[in-house]
Protein chains: 2
Amino acid sequence: MTKLAKSEPAAPEPAANGPEVGADPAFARPEPATIRDVARSANLSIASVSRALNGHANVHPETRAHIVAVAAKLGYVPNAAARSLSTARTNAIGVVLPDFHGEFFSELMRGMDRSASVHGYQLLMSNTHADKSMASQAIAAMLGRVDGLVVMAPQFAAAELLRTLPAHLPMVLANTSEGTGHHTIRIDNRLGATSAVTHLLALGCKSLVHIAGPADNIDGHERCEGFLAAMAAQAPGLPVRVCQGDFQDGCGDRIVRELLDEGYAFDAIFAANDMMALGALHALRAADIDVPGQVCVVGFDDIPLARYLSLTTLHVDVAGVGSRAIERLIAEFAGGAAPATVEAIMPELIVRNSTRA
Amino acid sequence: MTKLAKSEPAAPEPAANGPEVGADPAFARPEPATIRDVARSANLSIASVSRALNGHANVHPETRAHIVAVAAKLGYVPNAAARSLSTARTNAIGVVLPDFHGEFFSELMRGMDRSASVHGYQLLMSNTHADKSMASQAIAAMLGRVDGLVVMAPQFAAAELLRTLPAHLPMVLANTSEGTGHHTIRIDNRLGATSAVTHLLALGCKSLVHIAGPADNIDGHERCEGFLAAMAAQAPGLPVRVCQGDFQDGCGDRIVRELLDEGYAFDAIFAANDMMALGALHALRAADIDVPGQVCVVGFDDIPLARYLSLTTLHVDVAGVGSRAIERLIAEFAGGAAPATVEAIMPELIVRNSTRA
DNA sequence: CCTGTGGCCGTAACCGGTTACATAGGCGGC
DNA sequence: GCCGCCTATGTAACCGGTTACGGCCACAGG
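Here's what I pulled together on the structure shown here. The structure displayed is predicted, hence computed values, not measured ones.

Brief notes about the overall build of chain A
No. 1: Regarding its fold elements, chain A presents 13 helices and 12 strands.
No. 2: The C-alpha radius of gyration computed for chain A amounts to 28 Å, which surpasses the reference 21 Å derived for 357 residues by more than 25%, pointing to a less compact arrangement than a globule.
No. 3: When its C-alpha atoms are laid out on the principal axes, chain A stretches across 90 × 50 × 40 Å.
No. 4: Put simply, chain A has 357 residues, and 50% of those count as buried.
No. 5: Residue pairs in contact within chain A that sit at least 24 positions apart in sequence constitute 72% of those at least 6 positions apart.
No. 6: Accessible surface, chain A: about 16000 Å² in total, of which carbon and sulfur atoms supply 56%.
No. 7: Charge centroids of chain A, computed over 28 positive and 37 negative side chains, lie 8 Å from each other.

And the structure:
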């Protein structure tokens, strides 16, 4: 800590030299002005400065104007850490995600930022990487730095993660398995899968193939369950086949190739996400199979690419999930602890040329 | 502030009831344990606790072990705000971006997170939205909360933004016009454009069209300049045509349609980004024009979609830009103010089927 | 003229950490 | 046996804000 000489009474305008942008590499960066600097320079107490700048009632209009002017001249900006410490509020929300990848991540962030900035909150990111100890360390580092947490943990092993989370903080979960005892915002994957099946059956398809997501992913799991349940309910006699995928496009391609090589007869593919569906489309096109003439294809997610390649899919409002999670959390700040809530976002079937001529 | 009664001497283990996860909605959340709680419970001073937990030398091994055990039992996690206040370090970096959109954003974040987490830093996001006043307010709110800033401002109007940025903080710019007097990490757009032109000319193309980015975007601007300069240098006599775009796929589609309707003769398209190039591909395919037989197409960015649709493009290591920006900033923390530096990331030409049979 | 009231402002305690300095033993050298 | 040093620990100041409380003054009512 810089031990500054407090001896001089009424210091002569410590840092009054304005914005001063030109960086002279030889000099250290200027110390930012503190509330004490403002108080001294305005010949008032720090209490008055604090009150004036925070818009409290008990301060004379003239005094306030003077303080505001002095603060502006010194370029004073209150120190967020100090403020957080004394008010026990940070106006920041911690976001804990499994990885920062692709369109899904950016959409989620966009939605969160939208709601957060409206309410004056900032977003502090954290990644639950592979390394578990680092993850919980990072989350611990958020204590005192955020007012609450939004946690996304689409792996099955999420329960373990949840146990390491601080109990003091309000918290909202996104895309996590249910029954965690916390507020949760989720995508209604089962209903989405049901819509896909209904659509394909209505088109007259008789042999459906499902390309599933990775085994440890809860969204993929629920989509598969939804698919099987819908088939059992709506077309008990029809053949079903489930192939294990990994959410990557290359895998959709490979699986379709294998089915064709094998000679398996099918006229519809429902993939657990768009990337795999696009891979499937690619393989079908390469094999000269007409889509949707001979095989219909449905994806899940509605990534931008899907619109572009005219893939029928289930549109998921990912930004909406992010936005709702933040809204829910902020409501929690205002209202105090409330019984856990589960909110489901409905996917919407978007019919495009992969199931329609 | 909760005014807690400090009367009782040697309080009986204030919050010793462990992790206590089960949420009883009727009860308020438990107060997190402080360093004083640990000290009291361990019958030691807070100084010793602090020293023990921070790995300082002058503390007896037995004492340290005892303190660590007590801290674990109480679930003690140091309050980040308090620590920042007294150490003047936050271990957090502010990230200021124009918007949270698409693959570019997520890749950038991924790169930043990679480097940041390696060095134990967290990322605090901020969006420079449309609303300028809100932006500078959000950035001001970062003071005392971050050790430095990474700012991306690909608009020309960036200079104004830069003036509102706090002068006290170390800072690295990404994709900003040069000559700002700050450390900068940028993409070498001109060199990328030059590679594209060289490639197309080597293929024997004689009439090139450039679909440019939005007027106020510095990347788009530099790519266009690079294109024109390369054409002037390598093929002075050949016709060039520049069409104003907006980085969206729909626009690439529209522009190609217009060129065809007009009857303009061209055999190569260089688009300022992949989305527009894909739009162009779409229009060409719709018009039954063979790619690359009749027209070659080159994009810029190498988004995942480009690989998938086999578009020749300039690969940009966006994650690398983010990663380098963070590394540079952390170096700045360690080394103190240094003369401004500009680091350029080279795009790499990836040849695919849109320029090769 | 005295007192009550309310507006405006200053003093100081507090948030939860870190750390300079003081202090208390233990021990070796003379 | 005394002095000095080293190690382990405690005391208290400090980081930069917020805010409870009390003081001072002007003014109105009795």
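Text resumes after the structure shown.
Things to note about the interface of chain A and chain B
No. 1: With 64 residues of chain A at the contact, the number on the chain B side is 64 residues.
No. 2: Across the chain A/chain B interface, buried area totals approximately 5500 Å², and carbon plus sulfur atoms make up 59% of it.
No. 3: For chain A, the biggest contributors to the area lost against chain B are Arg29(A), Gln122(A) and Tyr308(A); these three give 14% of the whole.
No. 4: Our count for the contact surface shared by chain A and chain B stands at 2 salt bridges.
No. 5: Between Arg307(A) and Asp249(B) there is a salt bridge, and its shortest N-O distance comes to 3.6 Å.
No. 6: Here the side of chain A that touches chain B takes 8 residues from helix α5 (residues 102-118) of chain A, the largest share from any one element.
No. 7: As paired elements, strand β2 (residues 122-127) of chain A and strand β2 (residues 122-127) of chain B share 3 bridges and run antiparallel to each other. Residue pairing in the sheet places Leu123(A) in a bridge with Met125(B) of β2(B).

Overview of the nonpolar core
No. 1: Counting 86 residues, the largest nonpolar core has Met125(A) and Met125(B) as the members making the most contacts within it.
No. 2: Discounting residues that sit within four places of it in the chain, Met125(A) has contacts with Val95(A), Leu97(A), Phe100(A), Phe105(A), Met109(A), Met142(A), Met109(B), Gln122(B), Leu123(B) and Met125(B).

Let's talk about the relation of the copies chain A and chain B
No. 1: For the pair chain A and chain B, the superposition axis carries a translation of 0.0 Å, the fit reaches an RMSD of 0.0 Å, and the rotation angle comes to 180 degrees. Considering both components of the superposition, the chain copies are consistent with a two-fold axis.
No. 2: Residue by residue, 100% of the interface of chain A is reproduced at the interface of chain B, so both copies engage with the same surface.

Structural notes on the sheet that holds strand β6 (residues 208-212) of chain A
Residues and elements named next belong to chain A.
No. 1: The strand order across the open sheet formed by 4 strands is β7-β6-β8-β9, and the pairing between neighbours is parallel. Bordering the open sheet on either side are β7 (240-244) and β9 (296-298), each of which pairs with just one other strand. Each adjacent strand pair in this sheet contributes to an overall mean axis angle of 15 degrees, direction not counted.
No. 2: As judged from the 3 bridges shared by strand β8 (residues 268-271) and β9, these two strands associate in the parallel manner.

A look at the side chain of Asp274(B)
Residue and element names in this part refer to chain B.
No. 1: Counting through the fold element by element, Asp-274 comes out in helix α11 (residues 274-286).
No. 2: The side chain of Asp-274 is buried and forms no salt bridge, while Arg-352, the nearest opposite charge, is found at 6.3 Å.
No. 3: Sequence-distant contacts of Asp-274, defined by excluding residues within four places in its chain, comprise Gly-299, Phe-300, Asp-301, Asp-302, Ile-303, Ala-306, Leu-311 and Thr-313.

Some words on the sheet that holds strand β8 (residues 268-271) of chain B
Residue and element names in this part refer to chain B.
No. 1: Taken together, 4 strands build an open sheet; the order of strands is β7-β6-β8-β9 and the sheet is parallel. Since the sheet does not close on itself, it has two edges, and those belong to β7 (240-244) and β9 (296-298), each with one partner. Neighbour-to-neighbour, the strand axes of this sheet turn through a mean angle of 15 degrees, independent of strand direction.
No. 2: Here helix α10 (residues 249-262) sits on the sheet in contact with β6 (208-212), β7 and β8, set at roughly 135 degrees to β7.

Section: the packing of aromatic side chains
No. 1: On inspection of all chains with the given rule, the structure shows 9 aromatic pairs over all chains.
No. 2: When the centroid spacing of 5.7 Å and the interplanar angle of 0 degrees are considered together, the rings of Phe105(A) and Phe105(B) count as stacked. You can see Phe105(A) sitting in helix α5 and its partner Phe105(B) sitting in helix α5 (residues 102-118), one on each of two chains. Accessibility assignment for this pair places Phe105(A) and Phe105(B) in one class, buried.
No. 3: Look at Phe227(A) and Phe270(A): their rings are 6.1 Å apart centre to centre, the planes differ by 35 degrees, and that puts the pair in the tilted class. In this pair, Phe227(A) sits in helix α9 (residues 218-234) while Phe270(A) sits in strand β8, placing the two residues 43 residues apart along the sequence. Take Phe227(A) and Phe270(A): they sit in the same class, and that class is buried.
No. 4: A connected cluster of aromatic rings, assembled from ring pairs, spans Phe227(A), Phe270(A) and Phe300(A).

The rules behind the values
- Residues numbered from 1 in each chain as written.
- Chains lettered and ligands numbered in written order.
- Predicted model: local features only at pLDDT ≥ 70, side-chain atom pairs only at ≥ 80, totals over all residues.
- Heavy atoms only, no water.
- Helix = DSSP H or I, 4+ residues; strand = E, 2+ residues; numbered from the N terminus.
- Rg over C-alpha atoms; globule rule 2.2 N^0.38 Å.
- Buried < 20%, exposed > 50% of the residue type's maximum accessible area, 1.4 Å probe, protein only.
- Contact = heavy atoms within 4.5 Å.
- Areas by Shrake-Rupley, 256 points an atom, 1.4 Å probe, with all protein chains shown as cover.
- Lys, Arg positive; Asp, Glu negative; His and termini not counted.
- Charge placed at Lys NZ, Arg CZ, Asp CG, Glu CD.
- Buried area = accessible area lost by both parts, 1.4 Å probe.
- Salt bridge = Lys/Arg side-chain N within 4 Å of Asp/Glu carboxyl O.
- Pairing = 2+ DSSP bridges.
- Core = buried A, V, L, I, M, F, W, Y, C linked by side-chain atoms within 4.5 Å.
- Least-squares fit on C-alpha atoms with pLDDT ≥ 70 in both.
- Axes fitted to C-alpha atoms, helices over the stretch in contact; angles between N-to-C directions.
- Phe/Tyr/Trp six-rings, centres within 6.5 Å; stacked < 30°, edge-to-face > 60°.

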